[in-house]
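Fold and geometry: a report
Here's the letter readout for the chains.
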Amino acid sequence: TNSLPKYETLSQDARIPTAGGDEKSSQATKEAPSTSSGDEISEAASDSHAVHHSISDALAADVEALELISFCHADFDSESPSVVHPDYDPIRTLQECAIPSNYPFVSILRDSSPYIVNHRHSTIVYHIPGELISDSQKFFSVMDDIALTWLFGMKIVIAVGCRSQIVQRLEKLHGASDAVNMPGVRVTTPETLRILEEEAGFCRFEVERLLNRCLRNKGADCNVVSGCFITANKFGVVDGVDYQLTGYPVNLQVDKIHRLHSRNDVILLTPLGFTKDGDALNVHSEALAAFTAGELKASKVVYFSSHPMVLRGTRNRNSVNERIQMIQRSNANEILSHYGLHVNSVTGFPSWKSNYDVRGNKARNLSYHQQSMLLKMGWATHAIEKGVERAHIIDCEDGSLLDELFTARRGYGTCISQDNYEAPHPEDWNDDLTVADGVDTSMMEW
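What counts as what
Residues numbered from 1 in each chain as written. Predicted model: local features only at pLDDT ≥ 70, side-chain atom pairs only at ≥ 80, totals over all residues. Heavy atoms only, no water. Helix = DSSP H or I, 4+ residues; strand = E, 2+ residues; numbered from the N terminus. Buried < 20%, exposed > 50% of the residue type's maximum accessible area, 1.4 Å probe, protein only. Contact = heavy atoms within 4.5 Å. Areas by Shrake-Rupley, 256 points an atom, 1.4 Å probe, with all protein chains shown as cover. Phe/Tyr/Trp six-rings, centres within 6.5 Å; stacked < 30°, edge-to-face > 60°. Salt bridge = Lys/Arg side-chain N within 4 Å of Asp/Glu carboxyl O. pLDDT = per-residue confidence, 0-100. Pairing = 2+ DSSP bridges. Axes fitted to C-alpha atoms, helices over the stretch in contact; angles between N-to-C directions. Parallel < 35°, antiparallel > 145°, perpendicular 65-115°, else oblique. Left-handed = near helix turned anticlockwise from the far one by under 90°. Nonpolar A, V, L, I, M, F, W, Y, C, P; charged D, E, K, R; others polar. Arc of directions from axis to C-beta.

Observations regarding the overall build of the protein
Helix and strand content of the protein: 12 helices and 22 strands. Among the 446 residues that make up the protein, the fraction classed as buried is 45%. When contacts within the protein are restricted to residue pairs at least 6 apart in sequence, long-range pairs at least 24 apart make up 67% of them. Carbon and sulfur atoms provide 48% of the accessible area of the protein, an area that totals close to 23600 Å².

Observations regarding the packing of aromatic side chains
Per the counting criterion, the structure on display carries 6 aromatic pairs. Between F235 and Y243, the ring centres sit 6.4 Å apart and the planes meet at 65 degrees, which makes this aromatic pair edge-to-face. The two residues F235 and Y243 agree in class, both being buried. Judged by centre distance (5.3 Å) and plane angle (75 degrees), the ring pair of Y243 and F349 falls under edge-to-face. Here F349 lies in the loop between β19 (341-343) and β20 (350-352) and Y243 lies in the loop between β10 (241-242) and β11 (246-252), a separation of 106 residues in the sequence. By relative accessible area, F349 is classed as buried at 9%. Taken together, F235, Y243, Y248 and F349 form an aromatic cluster joined through their ring pairs.

What to know about the pattern of salt bridges
Summed over the entire model, instances satisfying the criterion amount to 9 salt bridges. Among the ionic pairs, E198 bridges to R194, the shortest N-O distance being 3.2 Å. Linking E198 with R194, this pair stays in helix α7 (residues 190-217), spanning 4 residues, or about one helical turn. The exposure class assigned to E198 is partly exposed, which follows from its relative accessible area of 36%. On the basis of relative accessible area, R194 is assigned to the exposed category, the value being 53%. Among the salt bridges present, the one from R204 reaches E208, with a minimum N-O distance of 3.9 Å. Of this pair, R204 and E208 both sit in helix α7, separated by 4 residues, roughly a single helical turn. Look at R204 and you get partly exposed, because its relative accessible area is 34%. Assessed through its relative accessible area of 18%, E208 is described here as buried. Three or more residues joined by partner-sharing salt bridges are found here, namely R169, R194, E198 and E199.

Details of the confidence of the model for the protein
Residues of the protein with pLDDT of at least 70 account for 67%, and the chain-wide mean is 77. Residue range residues 40-56 is modelled with pLDDT below 50. Its contacts to residues more than four positions away, or to other chains, number 14 contacts. The low-confidence segment residues 357-363 (pLDDT under 50) makes 19 contacts with residues lying over four places distant or belonging to another chain.

Comments concerning the environment of H121
Along the chain, the position of H121 falls in the loop between α3 (104-119) and β5 (123-128). Separated by 35 residues in the primary sequence, H121 and I156 place their C-alpha atoms 9.8 Å from one another. Discounting chain neighbours no more than four positions away, the residues touching H121 are G153, M154 and K155.

Looking at the sheet that holds strand β22 (residues 414-417)
Across a sheet, strands are paired by hydrogen bonds formed along the backbone, either parallel or antiparallel in direction. Pairing in this open sheet of 8 strands is mixed, and the strands run β7-β12-β6-β5-β15-β21-β22-β18 from one edge to the other. Each of the sheet's edge strands pairs with one partner strand only, and the pair in question is β7 (224-226) and β18 (326-328). Along the sheet, successive strands turn relative to each other by an average axial angle of 20 degrees, direction set aside. Sheet topology places β7 next to strand β12 (residues 266-269); 3 bridges connect them, and they run parallel. Pairing of S226 across the sheet is with L268, part of β12. Sitting on the sheet, helix α9 (residues 285-296) is in contact with β5, β6 (155-160), β12 and β15 (300-305), with an inclination near 175 degrees to β5.

Brief notes about the pairing of β15
Among the 6 residues that make up β15, 6 are buried, leaving the element largely enclosed by the rest of the structure. Burial along β15 is two-sided: K300, V302 and F304 and V301, Y303 and S305, pointing in opposite directions, are all buried. Both β5 and β15 contribute to a ladder of 4 bridges, which runs parallel. Following the sheet pairing, Y126 is matched in β15 by V302. Two elements, β15 and strand β21 (residues 390-395), share 6 bridges in a ladder whose sense is parallel. Note that in β21 the partner of V302 across the bridge is H392.

As for the packing of helix α5 (residues 136-151) against α7
For the pair α5 and α7, interaxial distance at closest approach is 9 Å and the crossing angle is 55 degrees. Looking at the two axes, α5 sits oblique to α7. Crossing of α5 over α7 shows right-handed handedness. When α5 is examined against α7, the residues F139, F140, M143, D144, I146, A147 and W150 are found in contact with a partner set consisting of E206, V207, L210, L211, R213, C214 and L215. Looking at the contact of α5 with α7 residue by residue, the classes come out as 11 nonpolar, no polar and 3 charged.

Overview of helix α8 (residues 254-262)
Within the span of α8, buried status applies to V254, I257, L260 and H261. Viewed end-on, α8 has its buried residues packed into an arc of 125 degrees, placing them on one side of the element. With respect to the buried face of α8, the exposed residues turned more than 90 degrees away are D255, R259 and S262. Buried residues belonging to α8 abut β5, β6, β7, β11, β12 and α9. Once α8 ends, the next one or two residues include N264, with phi positive near 70 degrees.

Right, dumping it as structure tokens:
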């Protein structure tokens, strides 16, 4: 680009920027010899050596003139120890020592160390929604943080969804409709299945591409492996609706995944399952993440959400509203029951009961994002009932995953845990956090 300095070669070892690009060459370049006799080569090398030192951090001091002094009396800026202090006073006291007394990184690393140790060698299942892939900046941030959790020693499985891509394709073909754009499980026709197969391949490729890049940038030596790990069955007819080619997972090749994890590979699953006869079925990716976490007895399942919701409520009718950030399984079941959502313990099929219709919006007129949040809570609780320790529903913002997994008090999203879960850090259950123990569900709101 025009804004960058252009370089002209003086020798093999040094380059010097010219002030005016190609039109104005440096004086040193103009004086560079055109022939290559021994003296000229030596002189050019000497000039090149001097130029090299002028634009580098190489030692340019007389070794005999060097001396060792206390760092507390060095003429450095206390905010930046590599910069000479502009108001240097040779009679500086120890209280003015250039060594910083407070490193924020040190305290952060110390506070995070119990979590790093606790998560090492544990299995974690991430759910990546299709809409995240469409946001390149957030997608890169999430993949980069997932790669970092791999470096911390976590065994990773990723379930990727492609609902938003399928909705866009179907709306182009048939226009917008409630049957197409709705959360939860929906009917899959042969036409929809063909689109699903195409979009699942695209989303899988994008995750493989970017995650491999992030892992390589961190010096990691591992592979992202995808394949046929899931056996599925059809839902068939549920409440009078034939779901055709929509199914639910019934078997996971756990031993194969364990072998791949022993090689430090990352497992990638798409929302496609196969029957024993080899027929492809559409498996809801969020339900797939919960099923996989339960079968692997993972320590965590993490749902990323492009439009996360938070719960707010009171512990009793006399208290003030507060954010409900950490809840236990029994509390989560109370909340889901309050909103009329039930998740089948065998198939994972979500259904709305009581005064709610199939979309859960009759009695309280729940929005699309509120329904999606409740469904995530339902599948997360389903996973916990199968042995997963904790489930997290978090935003896709930069750093939200690290903030959720490796900090004591600041957890970023909504966390659901086993009723008897023991935190790795004593401050996890500090009064600064809100644990929904005995929350009045009748006073809950979004």
